[in-house]
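Architecture at a glance
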Amino acid sequence: MTLDVSTQHLPRSMHEWSELIQAISQAPDDTVEASWLELKGPLELTTAKDRFKVAKAILGFANRDPLAAGGHLDGCALLLIGVTAGTMPGNSRIEDHQLIKALEPYLGRGAEGPRWEVRRHSVDNRHHVLIIVVDAPQFGDPIYP
């Protein structure tokens, strides 16, 4: 499925992020998912099961072929937590330091693990979409187990 918004470049402004998240959340089914995008409904990131789902997606994105990754979002990839096909319920809030600590056993610390960052898109006062942006893979990057 194609989106009604450009996915060539990573969004640079709050408005562009909002447009992208809205377009993705309005997709009628999960065919919007691709090698650069994965949707997860609300997750309980205090559980090992859900932390593993997040870490697995980050590792998969980090281990993509650099040539194949370049077609969307400047080669980056997105994991959206709190978005499912046709809905955007959001996810319970979690602080950056809590998320980093929760994923560290799976991803490693600092330079030993894949490069990723967290963004948020507010849904309401208690929920947000957790946007995990995984850096574009580069030639010479290690394989992240």
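Residue numbers restart at each chain and count upward from 1, following the sequence in its written direction. This being a predicted model, a pLDDT of at least 70 is required before a residue's local features are given, and a value of 80 or more before pairs of side-chain atoms are given or counted; all residues contribute to the totals for chains, interfaces and linings. Side-chain numbers come from the whole structure's heavy atoms, not from hydrogens or water.

Re the overall build of the protein chain
Comment: elements are numbered from the N terminus, with helices defined as DSSP H or I runs of at least four residues and strands as E runs of at least two. Regarding its fold elements, the protein chain presents four helices and five strands. In sequence order, the secondary structure elements of the protein chain are arranged as α-β-α-α-β-β-α-β-β. Just to be clear, the radius of gyration here is over C-alpha atoms, and the globule rule we use is 2.2 Å times residues to the power 0.38. Over its C-alpha atoms the protein chain spans a radius of gyration of 14 Å, differing by no more than 12% from the 15 Å that the globule rule assigns to 145 residues. Throughout, exposure labels follow a simple rule: accessible area from a 1.4 Å probe, protein chains only, divided by the maximum for the residue type, with under 20% read as buried, over 50% as exposed, and the rest as partly exposed. Residue burial in the protein chain is summarised as follows: out of 145 residues, 43% are buried.

Quick look at the pattern of salt bridges
Throughout this description, the term salt bridge denotes a Lys or Arg side-chain nitrogen within 4 Å of a carboxyl oxygen of Asp or Glu. Inspection of the entire model under this criterion finds seven salt bridges. For Arg115, the salt bridge is made with Asp135, and the minimal N-O distance between the two is 3.4 Å. Taken as a pair, Arg115 in the loop between α4 (96-107) and β4 (116-122) and Asp135 in the segment after β5 (127-134) lie far apart in primary sequence, 20 residues in all. Since its relative accessible area comes to 35%, Arg115 is described here as partly exposed. The exposure class assigned to Asp135 is partly exposed, which follows from its relative accessible area of 31%.

Some thoughts on α4
What sets the pattern is the α-helix's 3.6 residues per turn: residues three or four places apart point alike. Looking only at α4, the buried set comprises Leu99, Ala102, Leu103 and Leu107. Projected down its long axis, α4 carries its buried residues within an arc of 125 degrees, all on one side. Opposite the buried face of α4, by more than 90 degrees, sit the exposed residues His97, Lys101 and Pro105. In the segment just after α4, Gly108 is the residue with positive phi, at about 85 degrees. Arc definition: directions from the helix axis to the C-beta atoms.

Side note on the nonpolar core
Residues enter a nonpolar core if they are buried and are Ala, Val, Leu, Ile, Met, Phe, Trp, Tyr or Cys, with the set joined through side-chain atoms within 4.5 Å. Counting 21 residues, the largest nonpolar core has Val54, Leu99 and Ile132 as the members making the most contacts within it. Of all the secondary-structure elements, those providing two or more residues to this core are α2 (48-62), β2 (77-81), α4 and β5. Residue contributions to this core peak at seven residues, all from α2. By the convention used here, residues are in contact when the closest approach between their heavy atoms is within 4.5 Å. In this view, Leu99 contacts Leu45, Ile94, Trp116, Val118, Leu130 and Ile132; residues no more than four positions away in its chain are not counted. Judged by nonpolar contacts, the second largest core, of 19 residues, contains Leu10, Ile24, Trp36 and Val129.

Topic: the side chain of His127
Its place among the elements puts His127 in strand β5. Using a relative accessible area of 19% as the deciding quantity, one classes His127 as buried. With near-sequence residues (within four places) excluded, His127 lies in contact with Pro89, Gly90, Asn91, Ser92, Arg93 and Ser122.

Side note on the environment of Phe52
Considering the arrangement of structural elements, one finds Phe52 in helix α2. Counting along the chain gives 55 residues from Phe52 to Leu107, while the straight-line C-alpha distance between them is 9.8 Å.

Here's the deal with the packing of α2 against α4
Throughout, an axis means a line fitted to C-alpha atoms (over the contacting stretch in the case of helices), and angles, computed between N-to-C directions, take values from 0 to 180 degrees. Running from N to C, α2 and α4 point in directions that differ by 65 degrees, and their axes come no closer than 9 Å. The hand of the α2/α4 crossing is right-handed. Along its contact with α2, which presents Ala48, Arg51, Phe52, Val54, Ala55, Ile58 and Leu59, the element α4 presents Ala102, Leu103, Tyr106 and Leu107. We call Asp, Glu, Lys and Arg charged. Ala, Val, Leu, Ile, Met, Phe, Trp, Tyr, Cys and Pro are nonpolar, and the rest, Gly among them, are polar. A per-class count over the contact of α2 with α4 returns ten nonpolar, no polar and one charged. If you view the pair so one helix is near and one far, a crossing is left-handed when the near helix is turned anticlockwise from the far one by less than a right angle, and right-handed when it is turned clockwise.

In short, the description is geometric, and any link to function would need to be established separately.
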